[in-house]
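# A structural walkthrough
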Amino acid sequence: MSLDMEHGIKEISPERARSFSGHENLQQVREKRIREILSKFETTNGPKVSDILKQIKAEPIHSAPVGGLSKEPAENVMRMLEGEGIIKGKKKNHLNVRAGIVESIKEFTSKNEPIKLVFIACPFKNPSIMSTVRLFPDLGEIEMIRQFLRIDETIKLVYTPGLRFEVLSETEDYVRRSVFQVDMDRANAYKQGLLYFAKTMNLGNKLELNDLFNLTSLDPRFGQLMEKKINEKKKDQTFDDGLARLSEGIMEKSIDALVSDPSLTVDELISIDLGILDNNKKLLFVQNEISHRANELTLRYDAYHSTRSELGLTKKHITDNGGAYVVVREHLDRFAFNTAYPVTQYFPHHGHPVIDERTSRLEIVRMADLLIDPKRYIAVNCEGDFENKPFYFIKKN
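We now turn to the structure provided with this report. One numbering rule holds for all chains: residues counted from 1, following each sequence as written. For a predicted model such as this one, the threshold for reporting local features is a pLDDT of at least 70, and the threshold for listing and counting side-chain atom pairs is 80 or more; totals across whole chains, interfaces and linings nevertheless cover every residue. In computing side-chain values, all of the structure's heavy atoms are included and hydrogens and water are not.

## A short note on the overall build of the protein
Helix and strand counts for the protein come out as 15 helices and 9 strands. Burial classes: relative accessible area under 20% of the type maximum marks a residue as buried, over 50% as exposed, and values in between as partly exposed (1.4 Å probe, protein chains only). For the protein, the residues scored as buried account for 52% of the 397 residues in total. For the protein, contacts bridging at least 24 residues in sequence account for 76% of all contacts bridging at least 6. Only DSSP runs of H or I with at least four residues qualify as helices, and only runs of E with at least two residues qualify as strands; both kinds are numbered from the N terminus onward. We call two residues in contact whenever any of their non-hydrogen atoms come within 4.5 Å of each other.

## Overview of the packing of aromatic side chains
In this analysis, rings of Phe, Tyr and Trp, with Trp reduced to its six-membered ring, are considered paired at centre separations within 6.5 Å, and the interplanar angle assigns stacked below 30 degrees, edge-to-face beyond 60, and tilted for intermediate values. Summed over the entire model, instances satisfying the criterion amount to 16 aromatic pairs. Measuring from centroid to centroid gives 5.0 Å for Phe136 and Phe386, while their planes differ by 20 degrees, and the two rings are stacked. Placement of the pair is Phe136 in the loop between β2 (115-120) and α6 (139-156) and Phe386 in the loop between β8 (377-381) and β9 (392-395), with a sequence separation of 250 residues. A relative accessible area of 39% means that Phe386 is categorised as partly exposed. Ring geometry for Tyr196 against Phe197: centres 6.0 Å apart, planes inclined by 50 degrees, an arrangement best described as tilted. With a relative accessible area of 1%, Phe197 lands in the buried category. Site record: aromatic cluster; members linked through ring pairs are Phe124, Tyr174, Phe180, Phe222, Tyr301 and Tyr304.

## Focus on the sheet that holds β8
Picture the strands of a sheet paired through backbone hydrogen bonds; they go either parallel or antiparallel. Read across the sheet, 5 strands follow the order β1-β8-β9-β6-β7 without closing on themselves; strand pairing throughout is mixed. Since the sheet does not close on itself, it has two edges, and those belong to β1 (42-45) and β7 (362-365), each with one partner. On average, each strand axis in the sheet is inclined to that of its neighbour by 35 degrees, with strand direction left out of account. One requirement defines pairing of two strands: DSSP has to find at least two bridges between them. Bridging between strand β6 (residues 352-356) and β9 involves 3 bridges; their strand directions are parallel. What sits directly across from Asp356, in β9, is Lys395. Lines are fitted to the C-alpha atoms to define the axes, a helix being fitted only along its stretch in contact, and any angle between axes, read from their N-to-C directions, falls within 0 to 180 degrees.

## As for the packing of helix α12 (residues 266-274) against helix α13 (residues 281-311)
Between α12 and α13, the least distance of the axes is 10 Å, while the angle of their chain directions is 60 degrees. With respect to their mutual orientation, α12 and α13 come out oblique. In terms of crossing hand, the pair formed by α12 and α13 is right-handed. Across from Glu268, Ser271 and Ile272 in α12, the residues of α13 making contact are Lys282, Leu283, Val286, Gln287 and Ile290. Polar here means any residue outside two lists: the nonpolar Ala, Val, Leu, Ile, Met, Phe, Trp, Tyr, Cys and Pro, and the charged Asp, Glu, Lys and Arg; Gly therefore counts as polar. Its residues assigned to classes, the contact of α12 with α13 shows 4 nonpolar, 2 polar and 2 charged. By the definition adopted for this analysis, an angle is roughly parallel if under 35 degrees, roughly antiparallel if over 145, roughly perpendicular if from 65 to 115, and oblique otherwise. Two helices cross in a left-handed way if the nearer one is turned anticlockwise from the farther one by less than a right angle. They cross in a right-handed way if the turn is clockwise.

## Side note on the nonpolar core
The criterion is simple. A nonpolar core is a set of buried Ala, Val, Leu, Ile, Met, Phe, Trp, Tyr and Cys residues joined through side-chain atoms within 4.5 Å. Membership of the largest hydrophobic core comes to 74 residues, with the highest contact counts inside it found for Ile105, Phe119, Phe337 and Phe391. The dominant element in this core, judged by the number of residues it contributes, is α6, at 8 residues. With sequence-adjacent residues up to four places away left out, Phe391 is seen in contact with Val49, Ile52, Arg134, Pro137, Asp138, Leu139, Ile142, Phe197, Pro353, Val380, Cys382 and Asp385. In terms of nonpolar packing, the next biggest core, distinct from the first, is built from 25 residues, Ile129, Met130, Leu371 and Tyr377 among them.

## Let's talk about the environment of Pro353
Inspection of the secondary structure puts Pro353 in strand β6. Every residue in contact with Pro353, bar those within four places of it in the chain, is listed here: Asp138, Leu139, Gly140, Leu362, Glu363, Ile364, Phe391, Tyr392 and Phe393.

## Considerations on the environment of Glu107
Among the structural elements, Glu107 can be located in helix α5 (residues 95-109). A sequence separation of 33 residues divides Glu107 from Ala74, and the C-alpha atoms of the two residues are 8.9 Å apart.

## So, α13
Every helix has an expected span of 1.5 Å times one less than the residues it contains. Helix length check: α13 (31 residues) gives 45 Å between terminal C-alpha atoms against 45 Å at 1.5 Å per residue, within 8%. Of the residues flanking the start of α13, the one acting as N-cap is Asn280, its side-chain oxygen 3.0 Å from the backbone nitrogen of Lys282. Gly312 occupies a position one or two residues after α13 and carries a positive phi of about 65 degrees. In the analysis that follows, any N or O atom pair within 3.5 Å is treated as a polar contact, provided that within protein one partner can donate a hydrogen and the other can accept it, and provided that, for residues neighboring in sequence, both atoms belong to side chains.

## A closer look at the pattern of salt bridges
A carboxyl oxygen of Asp or Glu within 4 Å of a side-chain nitrogen of Lys or Arg is what we treat as a salt bridge. Within the structure shown, the criterion is met by 28 salt bridges. Note that Glu153 is salt-bridged to Lys156, the shortest N-O span being 3.6 Å. Here the residue Glu153 and the residue Lys156 both occupy positions in helix α6, the gap between them amounting to 3 residues, near one helical turn. Lys316 is the partner of Asp320 in a salt bridge, and the nearest nitrogen-oxygen pair spans 2.8 Å. With Asp320 and Lys316 both in helix α14 (residues 313-321) and 4 residues apart, the pair spans about one turn of that helix. Counted as one network, the salt bridges with shared partners bring together Glu31, Lys125, Arg134, Asp138, Glu141, Asp385, Glu387 and Lys389.

## Notes on the pairing of β6
With respect to burial, β6 is a largely interior element, 4 of its 5 residues being buried. Here 4 bridges tie β6 to β7, and the two strands are oriented antiparallel to one another. In the strand pairing of β7, Ile355 is matched with Leu362. In textbook terms, the turn of a hairpin is the stretch between consecutive antiparallel strands, and for β6 and β7 this stretch comprises 5 residues, one of which, Ser360, has a positive phi near 65 degrees.

## Here we look at unusual backbone geometry
A cis geometry characterises the amide bond from Tyr341 onward to Pro342, with omega recorded as 0 degrees. Along the chain, the position of Pro342 falls in the loop between β5 (324-325) and β6. Although it is not a glycine, Asn112 adopts a positive phi angle of roughly 55 degrees. With respect to the element layout, Asn112 can be found in the loop between α5 and β2. Despite not being glycine, Asn202 shows a phi value in the positive range, around 65 degrees. Looking at the element boundaries, Asn202 is found in the loop between α8 (184-200) and β4 (207-211).

Remember that the coordinates give geometry; whether it matters functionally is a separate question.
Here's what the structure looks like:
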């Protein structure tokens, strides 16, 4: 599959390029777009954010190890992690690395210390207003932190010291290496909000946020190797199936670059995001340009991750500092765990939290999907929020 399906990488017009890279009025236009989007929803005032945080309860997810108790504390911890509500995907996915994870856990149980789980997550709110209009964390992230607390409480049933969580974030790497068009203000807003929630919910002493840029920037080979991989892929002019799927996913992050284009209405942005083009020449042209931009970002994204993997920086960090490496996406030869329970399709930073009025279940929904029928949803604003935008939505019966 070629980068633009037919003609390789295409040059983007200077006018369009300015909207991709941003200009002095971009933030103002973005806020105007957001106000237009939010005007489509019925709104109401909800509880104070501080009251929501106080009411959060974290009870164990399940009460017994899978397969019964073992004489080995580390094995008991592993069996609890493999229980329903914690494990993501099938147990067979991590069988090849299970013994290694248990050995990592033993490093802590042998000293009767909290076990450190290390994983990559929580970069920033998706920069596309078709995903979320927020910069700061919201009820979705509160539920994620609650899940961390619930997992900790579950482990304490068999190992009293419980867990610690080290989150490795790609935030600064993504910004500084131009993987996505995101500024540090957005990134810092998200991080500070997460730390505030964690501290208020009594997870502060158990949650550590570290940016992978602190690892990659120390290796002088990283930048040069990443650019080499990008140039090689540009010369190759082809995407395998994996990169093609990745590019489709990155398109939703690229669409926000067009918010400053006054010729596009919000409804047209929605149509482009959802792929409802109806042979409209204008929308087809814009989508094509977004596709090119997504392909360029895909090259950077893929090169960044393959460079980090090739240099073994994450593995070295864990070897030097200790911890059991786990993941939050289902993956072969990795132990994956749920950052929400009941399980949601998207992570909190991908969209808006929506509470079903009938079932009280929380789901993460992209803004573009909410806008398909905005009359079905109520936007809830909460006093004490970091920003004047919906803290969550209610789905009406």
